[in-house]
Amino acid sequence: MTLTQQPTITTEHFVLRPLRTSDAGLIELYSSDERVARMTNNIAHPLPPGATEALLMRANDPKREQDIWAIDMTHKGGPDLIGLIMLNRLDESQSEVTGWVAPAFWNTGAASQAVHNLIENNPLGNKAIFASVFQDNPVSAKVLISAGFDYIGDAETFSVARSANVPTWTYLRKLN
């Protein structure tokens, strides 16, 4: 199935836009930070050579299973990229939201605003969006709860950076 181009979502504070080749440097800088990698399930630490280029190729693949947006603050005089937010397609009406924000922008509300705006715009027309966070990351759980996600249970997920299974909290947000 060939997909349509990702929409750009403009908000008051930033723009959620598809990735560009020029994002490679900031993506590599931020995602190679151990603090970022340890809070994701799929970023290795240290970041292996070619990981950023592979991410950019997946993001631009017409048969992609994941839409990836850069959180871009240039229209407010900020950086081109402060993090990424993604929707992973689970089936025709459900997705999983994942993402990260660079440590310099933690506790600024950027993650909450990105999730709120992605949910509000619902670019994939989902009926439900899932999310999970590591249990040692309660700040991310608060982001989901503030965006209207409901806790639905505990699980565990393998973390590449930690090279271990890590306990998670799972959340669900039903949409119209």
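Structure's up top.
Residues numbered from 1 in each chain as written. Predicted model: local features only at pLDDT ≥ 70, side-chain atom pairs only at ≥ 80, totals over all residues. Heavy atoms only, no water.

Asks: I tried to follow the pattern of salt bridges on my own but got confused; where do I start?
Replies: Tallied over the entire structure, the rule returns 7 salt bridges. The partner of Arg-17 in a salt bridge is Asp-23, with the nearest N and O atoms 2.7 Å apart. Overall, the relative accessible area of 6% leaves Arg-17 in the buried class. A salt bridge links Asp-67 to Arg-64, with the nearest nitrogen and oxygen atoms 2.5 Å apart. Of the two residues examined, Asp-67 and Arg-64, each falls in the buried class. Through salt bridges with shared partners, a single network forms among Arg-17, Arg-20, Asp-23 and Asp-72. (Salt bridge = Lys/Arg side-chain N within 4 Å of Asp/Glu carboxyl O. Buried < 20%, exposed > 50% of the residue type's maximum accessible area, 1.4 Å probe, protein only.)

Asks: Sorry, what's going on with the packing of helix H1 (residues 24–31) against helix H3 (residues 51–59) here?
Replies: The geometry of a pair of packed helices is captured by two quantities: the angle between their axes and the separation between those axes. The geometry of H1 relative to H3 is characterised by a closest axis approach of 9 Å and an angle of 125 degrees between their N-to-C directions. Relative to H3, the element H1 is oriented oblique. Seen from above, H1 lies across H3 with right-handed handedness. Contact residues: Ala-24, Ile-27 and Glu-28 in H1; Thr-52, Glu-53, Leu-55 and Leu-56 in H3. Its residues assigned to classes, the contact of H1 with H3 shows 4 nonpolar, 1 polar and 2 charged. (Axes fitted to C-alpha atoms, helices over the stretch in contact; angles between N-to-C directions. Helix = DSSP H or I, 4+ residues; strand = E, 2+ residues; numbered from the N terminus. Parallel < 35°, antiparallel > 145°, perpendicular 65-115°, else oblique. Left-handed = near helix turned anticlockwise from the far one by under 90°. Contact = heavy atoms within 4.5 Å. Nonpolar A, V, L, I, M, F, W, Y, C, P; charged D, E, K, R; others polar.)

Asks: Got a minute to help me understand H3 in this structure?
Replies: Think of an α-helix as turning once every 3.6 residues; residues three or four places apart then point the same way. Among all positions of H3, only Thr-52, Leu-55, Leu-56 and Ala-59 are buried. Buried residues of H3 fall within an arc of 95 degrees about the axis and therefore sit on the same side. Those residues of H3 hidden inside the fold are in contact with H1, strand E3 (66–72) and strand E4 (83–91). (Arc of directions from axis to C-beta.)

Asks: How should helix H5 (residues 138–146) be read in this particular structure?
Replies: All buried positions along H5 are accounted for by Ala-141, Val-143 and Leu-144. Seen from one end, H5 has its buried residues packed into an arc of 155 degrees, which puts them on one side. Within H5, the exposed residues directed more than 90 degrees away from the buried face are Lys-142 and Ile-145. Turning to H5, the residues buried within the fold contact strand E5 (94–101), helix H4 (110–121), strand E6 (128–134) and strand E8 (164–174). Directly after H5, the chain includes Gly-148, whose backbone phi takes a positive value near 90 degrees.

Note that all results are geometric; they support no functional claim without further evidence.
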